[in-house]
Amino acid sequence: MTRTYPAWSRPLWQRLLLTREVAVIALLVGVFVWANLNVLNFDGPLTIYYLLLDVAPILLIALPMTLVIVTGEIDLSVASVVGLSSVLVGILHQDAGLSMPVAAVLAILIGAVCGAFNGFLVAYVGLPSLAVTIGTLALYRGLAVGLLGTTAVTDFPQRWTDLAKQRIGDSSYPVIVIPFLVLAVAFALVLHFTSFGRGVFEIGLNDEAAHFTGVNVERTKLILFVLTGAVSAFAGVYYTLRFGSARGDNATGLELQVIAAVLLGGVSIFGGRGAIHGVIAGVLLIGVLSSALRLLNVEVNIINIVIGMLLVASVMSTSFLTWISALRQPGGARRPFGLARRRQSATQQRKVSP
């Protein structure tokens, strides 16, 4: 089936370069240059090493979260799954006497089960993902704290904790970059080059229309939530080994950083739009900006304000530009800001068959 979009009438270079993803990448480069000019040795091996260690959990979780938000859903329980998997790794290794690989695999499987529970309630029961994952956020965090209490498990084999912080050869890149790159390529291929990925976008545009075009909406959403749970649990295993501590409150608040990075990377909160490379740039942008401001001794509250303003400006920019574009259409000047955005978005995303 041939598909045409009004936006394709623009020249190829405009379609490739005049995008939110490219704008985020350009902003990332600009912020990095600014940080390098104002912070001594910001581009040095040590700074890059710790920067990647810090943002690695966010980078990992942002990959499946991108697909979830593209469908118009959201998962707020990811940080609680990180905490639960951290506790499970500690208990399975220390109390049950399992080896670290076995404990890690079991924790990831349980994370996938947590994601499946979210997906079942959202896809098959029909509950709103926001309400479901707010509830499971509290549920999974409560389980994590209840299993371990206020204590922490710190008795992990040194070779495993060293592996989580190990560099790739003599470079400034930690080993965690390798599994991230593998997952990033896999998610990018699935989202942008497969029929499953096209179904993800169609669900975000209109899940009822997607159903009539042959997309199994329920199964697709379930798979995405399972992937989110599994990758979050993997991030929890890494988080535990990197800090050498399994606690029930590990990664508290991490879900907000993940969602902020995904939206900053160009994924529409309304669903139907997004790209993996933009999300990666969004995560790195927040990481570089936060790291540079901390090295300049800026208070944490000020850093949060700056990042929050950046996120709000990013979200508003799309709606504002769409509204400006809608003004050019007949009757566009009479449309409210939000209504113009929704109508213009629906017009641009509608598929036309000859």
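Residues numbered from 1 in each chain as written. Predicted model: local features only at pLDDT ≥ 70, side-chain atom pairs only at ≥ 80, totals over all residues. Heavy atoms only, no water.

Asker: A description of a nonpolar patch on the surface should follow, citing residues and the corresponding values.
Answerer: Together, Ile25, Val29, Val33 and Leu37 make up a nonpolar patch on the protein surface, roughly 360 Å² of accessible area in all. Relative to the assigned elements, Ile25 resides in helix α2 (residues 20-38). Since its relative accessible area comes to 34%, Ile25 is described here as partly exposed. (Patch = residues over 30% accessible without salt bridge, like charges linked within 9 Å, V, L, I, M, F, W, Y side chains within 5 Å. Areas by Shrake-Rupley, 256 points an atom, 1.4 Å probe, with all protein chains shown as cover. Salt bridge = Lys/Arg side-chain N within 4 Å of Asp/Glu carboxyl O. Helix = DSSP H or I, 4+ residues; strand = E, 2+ residues; numbered from the N terminus. Buried < 20%, exposed > 50% of the residue type's maximum accessible area, 1.4 Å probe, protein only.)

Asker: I'd like to hear about the nonpolar core, residue by residue, with values.
Answerer: The biggest cluster of nonpolar side chains holds 86 residues, and the ones touching the most others in it are Leu254, Val258, Val262 and Val283. Take this core: its biggest share by element is 16 residues, from helix α3 (residues 45-70). (Core = buried A, V, L, I, M, F, W, Y, C linked by side-chain atoms within 4.5 Å.)

Asker: An account of α2 is needed here, citing residue identities and associated values.
Answerer: An ideal rise of 1.5 Å per residue puts 27 Å on 19 residues; α2 measures up with 27 Å between its terminal C-alpha atoms. Within α2, burial applies to Arg20, Glu21, Val24, Leu28, Val31 and Ala35. Along the axis of α2, the buried residues cluster in a sector spanning 95°; they form a single face. (Expected span 1.5 Å × (residues − 1). Arc of directions from axis to C-beta.)

Asker: Hey, could you go over helix α5 (residues 100-124) for me, with residue numbers and the actual values?
Answerer: In a regular helix each residue adds 1.5 Å, so 25 residues correspond to 36 Å; α5 covers 35 Å between its end C-alpha atoms and thus fits that length. One or two positions beyond α5, positive phi appears at Gly126, with a value near 90°.

Asker: Tell me about the packing of α3 against helix α8 (residues 177-193), and name the residues and values.
Answerer: Two numbers describe how α3 lies on α8: the axes approach to 10 Å, and their chain directions differ by 20°. Between α3 and α8, the angle falls in the class roughly parallel. Handedness of the α3/α8 crossing: left-handed. For the pair α3 and α8, contact is made by Leu52, Leu59, Leu60, Leu63, Pro64, Thr66 and Leu67 and by Val177, Phe180, Leu183, Ala184, Phe187 and Leu191, respectively. Tallied by class, the residues present in the contact of α3 with α8 amount to 12 nonpolar, one polar and no charged. (Axes fitted to C-alpha atoms, helices over the stretch in contact; angles between N-to-C directions. Parallel < 35°, antiparallel > 145°, perpendicular 65-115°, else oblique. Left-handed = near helix turned anticlockwise from the far one by under 90°. Contact = heavy atoms within 4.5 Å. Nonpolar A, V, L, I, M, F, W, Y, C, P; charged D, E, K, R; others polar.)

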